[in-house]
Amino acid sequence: MNAMNLTIKKIKSDKFKIILIAVILMLITDIKAFASVVNVDVNGTSNDTLEIIILLTVLTLLPSIIIMMTSFTRIVIVLSFLRNALGLQQTPPNQVMVGIALFLTLFIMSPVLQEINTTAYEPYKNELITQDEFYKRASEPIKTFMLNQTGKKELNMFITLSNNQEVIENQDIQKLPLTVVVPAFMTSELRRAFIIGFLIFIPFLIIDTIVSTVLMSMGMMMLPPVMISLPFKILLFVLVDGWTLLFQTLIMTFNV
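The model shown is predicted, which means the values in this text are computed figures rather than measured ones.

## Let's talk about the packing of aromatic side chains
Each aromatic ring pair is described using two quantities: the centre-to-centre distance and the angle formed by the ring planes.
Item 1. Scanning the model with the defined rule gives seven aromatic pairs in all.
Item 2. Taken together, a centroid distance of 6.5 Å and an interplanar angle of 45 degrees make the contact between F204 and F237 tilted. One end of the pair, F204, is in helix α11 (residues 178–217); the other, F237, is in helix α12 (residues 225–239), with 33 residues separating them in the sequence.
Item 3. For F204, a relative accessible area of 5% corresponds to the buried category.
Item 4. With 5.8 Å between their ring centres and 40 degrees between their planes, W243 and F247 make a pair best called tilted. Residue W243 and its partner F247 are located together in helix α13 (residues 242–252), separated by four residues, close to a single helical turn.
Item 5. Taken together through their ring pairs, the aromatic side chains of F204, F237, W243 and F247 make up a single cluster.
Item 6. Above the plane of the ring of F254 lies R74, whose end atom (NZ or CZ) is 3.9 Å from the centre.

## Remarks on the nonpolar core
Across soluble globular proteins, you tend to see nonpolar side chains buried next to one another.
Item 1. Formed by 49 residues in total, the largest nonpolar core has its most connected members in I75, F145, M146 and I200.
Item 2. Looking at this core, the elements that each hand over two or more residues are α6 (72–86), α7 (94–125), α8 (131–149), α9 (152–162), α11 and α13.
Item 3. Among the elements that take part in this core, α11 stands out by supplying 11 residues, more than any other.

## Digging into the pattern of salt bridges
Item 1. This model, assessed by the stated rule, comprises four salt bridges.
Item 2. In this structure, the salt-bridge partner of E189 is R74, at a minimum N-O distance of 2.5 Å. Taken together, the residues span a long stretch of sequence, with E189 in helix α11 and R74 in helix α6 at a distance of 115 residues. R74 matches E189 in its accessibility class, with the two residues each being buried.
Item 3. The shortest N-O distance in the salt bridge between D208 and K233 comes to 3.4 Å. In this pair, D208 sits in helix α11 while K233 sits in helix α12, placing the two residues 25 residues apart along the sequence.
Item 4. Under the relative-accessibility criterion, K233 is labelled buried at 4%.

## Concerning α11
Item 1. End to end, α11 covers 58 Å across 40 residues, agreeing with the expected 58 Å (1.5 Å per residue, within 8%).
Item 2. For α11, the principal kink sits at I202 and spans about 30 degrees; a proline, P203, occurs within the next four residues.
Item 3. Following α11 by one or two positions, G219 has its phi on the positive side, about 75 degrees.

## Focus: the packing of α9 against α11
Item 1. Interaxial distance between α9 and α11 falls to 9 Å at its minimum, and their mutual angle equals 145 degrees. The handedness of the crossing between α9 and α11 is right-handed. Together, E154, L155, F158, I159 and S162 of α9 and V180, P183, A184, T187, S188 and R191 of α11 make up the contact between the two elements.
Item 2. Partitioning the contact of α9 with α11 into residue classes produces six nonpolar, three polar and two charged.

## Quick word on a nonpolar patch on the surface
Item 1. Side chains of I195, F198, L199, I202, I206, I210, V214, M218 and M220 sit close together on the surface and give an oily, nonpolar patch of about 850 Å² of accessible area.
Item 2. Assignment of secondary structure puts M220 in the loop between α11 and α12.
Item 3. By relative accessible area, which is 34% here, M220 ends up partly exposed.

## Considerations on the packing of α7 against α8
Pairs of packed helices are described in terms of their axes, by the angle between the two and the distance that separates them.
Item 1. Here α7 crosses α8 at 165 degrees, and the two axes come no closer than 9 Å. Put simply, α7 runs roughly antiparallel to α8. In terms of crossing hand, the pair formed by α7 and α8 is right-handed. Along its contact with α7, which presents I108, M109, V112, E115, I116, T119, A120, Y121, P123 and Y124, the element α8 presents Q131, F134, R137, A138, P141, I142 and F145.
Item 2. Across the contact of α7 with α8, the residue classes break down as 13 nonpolar, two polar and two charged.

## Observations regarding the side chain of S229
Item 1. With respect to the element layout, S229 can be found in helix α12.
Item 2. There is a polar contact of 2.8 Å between the side chain of S229 and the side chain of D208.
Item 3. If we ignore the near neighbours within four places in the chain, the residues touching S229 are I207, D208 and V211.

Scoring rules and cut-offs
Residues numbered from 1 in each chain as written. Predicted model: local features only at pLDDT ≥ 70, side-chain atom pairs only at ≥ 80, totals over all residues. Heavy atoms only, no water. Phe/Tyr/Trp six-rings, centres within 6.5 Å; stacked < 30°, edge-to-face > 60°. Helix = DSSP H or I, 4+ residues; strand = E, 2+ residues; numbered from the N terminus. Buried < 20%, exposed > 50% of the residue type's maximum accessible area, 1.4 Å probe, protein only. Lys NZ or Arg CZ within 6 Å of the ring centre and 35° of its normal. Core = buried A, V, L, I, M, F, W, Y, C linked by side-chain atoms within 4.5 Å. Salt bridge = Lys/Arg side-chain N within 4 Å of Asp/Glu carboxyl O. Expected span 1.5 Å × (residues − 1). Bend = angle between axes of the 7 residues up to and from the residue. Axes fitted to C-alpha atoms, helices over the stretch in contact; angles between N-to-C directions. Left-handed = near helix turned anticlockwise from the far one by under 90°. Contact = heavy atoms within 4.5 Å. Nonpolar A, V, L, I, M, F, W, Y, C, P; charged D, E, K, R; others polar. Patch = residues over 30% accessible without salt bridge, like charges linked within 9 Å, V, L, I, M, F, W, Y side chains within 5 Å. Areas by Shrake-Rupley, 256 points an atom, 1.4 Å probe, with all protein chains shown as cover. Parallel < 35°, antiparallel > 145°, perpendicular 65-115°, else oblique. Polar contact = N/O pair within 3.5 Å; in protein donor to acceptor, adjacent residues only side chain to side chain.

Put into structure tokens, the structure is as follows:
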């Protein structure tokens, strides 16, 4: 029992973890509304059993949902493009790349998490607002973040596919449910990540082309150009302080 109590206290003290879980619960707002209509009576607890089942299901999908609602996707894809452009197979390792993407995501999302903590978590912890109000307040900052990063083309496509007449008529995107905002946000993130990856490839592709041309002109066609171009690409990346430039550019691409 003592060990269990210590574990519970540790979880309660971890604000960021609670905030992230709270944000994910926004996705089940529509399901929760459905649960309020369904009369599930198990030992007289009505909808509590259904809500617990939904909560456990969402917690199982928590890592994937966090990836879809934050800046993690764009960062990790750009890092993968960089590694391929350099011609390095396992350097940096996948664990390092995921770790870099995770902490850059925490840095970028810190204003959003702080706003959720101030406007939703603290009042709810102090019993100043209800659970439904907590859901509503916690969803607004993360939704605003995603809408700021989402292109109009992707957003309009999913609005049209969802047949959300209220939003189409009033043109109020703040009323969009997260089930529409999240896929539009993910589509926009993938497009931007691939554009950045293309721009990263260009200077390294020029080096590969120059090295291949020089080797062919010297008649050294049996020598793999990658072996010669790799040191030059690493040297170029180090001389321009590539990591600092890349991280700075990635952070500046997010309109927080």
